[in-house]
Amino acid sequence: MGMLPGQPEPCIQHFSHPHHLQLSNYDQTFLAQTLSFCSCCKLKVSGWIYTCIPCNFFLDISCSKMPQQITHPFDQNHVLYLLSSPAYPQGFFCCDACGKQGNGFSYHCGVCNIDLHTQCASMPLLVTHQAHQHQLQLTFSPPYYHRNFSCDLCKNLGSNQWVYRCNSCDFDAHLSCATAKPRAPTQQRTPIVSPQHQVPLPQMATNYSPFRSNTYPNGFGPSLPIGGGVQGNALNQTLLGGAGAGAGAGAGGGGGGAVDLLGNGGLLSAFSGHLSGSDMGGLSSSFGGDSSF
């Protein structure tokens, strides 16, 4: 039975290793082993990979398909060759794209001393990002003095490296920032409060009044209709901790969430419609003889 189109070969011979590499499911075959990394990109391996078990050699399927020669607009005059190890005696290279060191596979130009991570060499020339309304173009040299720039995504500095850029907006982004997968929005959880920690809200009596009077039963003045008017709504919401209605009532007086008890339209104005003349005189004497409500 033949292989399906696009299905990886069960066994390959790769130029980077002297032995045949077998297709294996890393998560099942190497369940008890420690973390392993791809010899090409140096990222953690998982799922189906190519491996040489005696040599502890691992290669991602995608990395196994990297071409051994490429042309790139960064070096338009030469071909870049895929090296399985750095071309330098110290055992690492400095990537001309991202500025970071590497010890895995690289694309190299011996004439120009150019070294690129395989991932950096595969960066698209144009990308879109949710943080900017225009497409970002891959730029091989920042257009600033000393070739320094500030990334508009992570707010960190970059120096002498490739940048994704919008020229019309002067918007710059690191390669890794511009190509990172967007994060899912953080969901805020509602805190669970146990019954013993719940704080009871203050209850307002139906005949509540801040002023004592001997004219009415129980020594209190006339009751205010709770929720029946602007003043009642504001006071009710304020006493019950409701900032929404309090803010609406207090907006005209210059402060949200607070009720003006003595100002125009306050509680005294509400009381004036319920008090008799003798009561108004009593309140007048209580406030220094002023009965102009």
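Numbering of residues starts from 1 in each chain and follows the order in which that chain's sequence is written. Residue-level local features of this predicted model are given only where pLDDT is at least 70; pairs of side-chain atoms are given and counted only at 80 or more, and the full residue set underlies all totals for whole chains, interfaces and linings. Processing note: side-chain calculations cover all non-hydrogen atoms of the structure and skip hydrogens and water entirely.

Student: I keep staring at the sheet that holds strand 5 (residues 69-72) and nothing clicks. Help me out?
Tutor: By definition, the strands of a sheet pair up through backbone hydrogen bonds, in either a parallel or an antiparallel sense. DSSP calls a pair of strands paired once it identifies at least 2 bridges connecting them. We count a stretch as a helix when DSSP gives it H or I for four or more residues in a row; a strand needs E for two or more, and each element gets its number in order from the N terminus. Across the sheet, which stays open at both edges, the four strands sit in the order 5-6-9-10 with antiparallel pairing between neighbours. If you trace the sheet from one side to the other, it starts and ends with strand 5 and strand 10 (114-117), each paired once. Sheet twist, expressed as the average angle between the axes of neighbouring strands with direction ignored, equals 30 degrees. Strand direction decides the pairing type here: strand 9 (residues 106-109) and strand 10, joined by four bridges, are antiparallel. Directly across from Y107, in strand 10, lies its bridge partner L116. All axes are obtained by fitting lines to C-alpha atoms, using only the stretch in contact for helices, and the reported angles, taken between N-to-C directions, cover 0 to 180 degrees.

Student: What is the right way to look at the pairing of strand 9 in this model?
Tutor: Neither face of strand 9 is left uncovered, since the one carrying S106 and H108 and the one carrying Y107 and C109 both have all their residues buried. The pairing of strand 6 (residues 75-83) with strand 9 spans three bridges and is classified as antiparallel. Bridging across to strand 9, Y81 finds its partner in H108. Hairpin geometry of strand 9 and strand 10 is characterised by an intervening segment of four residues between the two adjacent antiparallel strands and by a positive phi of about 55 degrees at N113. Residue exposure (1.4 Å probe, protein chains only): buried if accessible area is under 20% of the type maximum, exposed if over 50%, otherwise partly exposed.

Student: Can you walk me through the sheet that holds strand 12 (residues 136-139) in this structure?
Tutor: One open sheet holds the four strands; their spatial order is 11-12-15-16, and the pairing between them is antiparallel. Single-partner strands in this sheet number two, and they are strand 11 (126-127) and strand 16 (171-173).

Student: Help me understand the packing of aromatic side chains, please; the structure alone is not making it clear to me.
Tutor: Aromatic ring pairs: the centre-centre distance and the angle between the two ring planes describe each pair. In summary, the pairing rule links any two rings of Phe, Tyr or Trp, Trp by its six-membered ring, whose centres are within 6.5 Å, and it sorts them by plane angle into stacked for under 30 degrees, edge-to-face for over 60 and tilted for everything else. Enumeration according to the criterion identifies five aromatic pairs in this entry. A network of ring pairs unites the aromatic residues F74, F140 and W162 as a single cluster.

Student: I'm lost on the pairing of strand 15 (residues 163-166) in this one. Help?
Tutor: Regular strands show a simple pattern: their side chains alternate between the two faces of the sheet. Judged by which residues are buried, strand 15 turns out to be covered on both faces: V163 and R165 on one side and Y164 and C166 on the other are all buried. In terms of strand pairing, strand 12 meets strand 15 through three bridges, oriented antiparallel. Looking at the pairing, L138 lines up with Y164 of strand 15. Of the pairings in the sheet, the one linking strand 15 to strand 16 comprises three bridges and is antiparallel in character.

Student: In this structure, what is going on with the confidence of the model for the protein? I would like to understand it.
Tutor: Predicted coordinates in regions of low pLDDT should not be interpreted in detail. Per residue, pLDDT measures the predictor's confidence, with a range of 0 to 100. Across the protein, pLDDT averages 73, with 59% of residues at or above 70. The secondary structure element of the protein with the lowest average pLDDT is helix 6 (residues 243-250), at 40, and the one with the highest is strand 9, at 97.

Student: What's the story with the layout of surface pockets in this structure? I'm lost.
Tutor: A water-sized probe rolled over the atoms picks out the places where empty space is left. Points on a 1 Å grid over protein atoms alone make up a cavity when a 1.4 Å probe fits among them but cannot get out, and a pocket when they form an open set with protein on both sides within 12 Å along at least five of seven lines; lining residues each have an atom within 4 Å of a point. Grid points are joined across faces, edges and corners, and a volume is the space filled by probe spheres set on the points. For the largest pocket, the calculated volume is near 410 Å³. Lining the largest pocket are 18 residues; nearest its centre among them are C98, K100, H117, Q119 and C120. Residues are grouped as follows: Ala, Val, Leu, Ile, Met, Phe, Trp, Tyr, Cys and Pro are nonpolar; Asp, Glu, Lys and Arg are charged; all remaining types, including Gly, are polar. Of the residues in the lining of the largest pocket, the class split is seven nonpolar, nine polar and two charged.

Student: For this particular structure, what's the right way to read unusual backbone geometry?
Tutor: In most cases, non-glycine residues show a negative phi, while peptide bonds are predominantly trans. Its identity as a non-glycine residue notwithstanding, N113 has a phi of 55 degrees, on the positive side. Of note, the phi angle at K155 is positive, near 70 degrees, even though the residue is not glycine.

Student: Hey, could you run me through the nonpolar core in this one?
Tutor: Considering soluble globular proteins, one finds that nonpolar side chains tend to be buried as a cluster. Ranked by size, the top nonpolar core spans 45 residues in total, and within it L59, L116 and Y164 carry the most contacts. Contacts: residue pairs with any heavy atoms within 4.5 Å of one another. Once residues lying within four places of it in the same chain are set aside, the contact partners of L116 are F74, L80, F93, C95, D96, A97, S106, Y107, A121 and W162. Residues grouped as a nonpolar core are buried Ala, Val, Leu, Ile, Met, Phe, Trp, Tyr and Cys residues, joined through side-chain atoms within 4.5 Å.

Student: Help me understand the pattern of salt bridges, please; the structure alone is not making it clear to me.
Tutor: Pairing is possible between side chains of opposite charge, provided their charged atoms come close. Salt bridge, as applied in this entry: a Lys or Arg side-chain nitrogen positioned within 4 Å of an Asp or Glu carboxyl oxygen. Evaluated as defined, the whole model comprises two salt bridges. Between D170 and R165 there is a salt bridge, with the nearest N and O atoms lying 2.6 Å from each other. Taking relative accessible area as the criterion, D170 reaches 46% and is therefore assigned partly exposed. Given a relative accessible area of 6%, R165 falls into the buried group. In this structure, D172 engages R165 in a salt bridge whose closest nitrogen and oxygen atoms are separated by 2.8 Å. On the accessibility criterion, D172 (2% relative accessible area) is buried.

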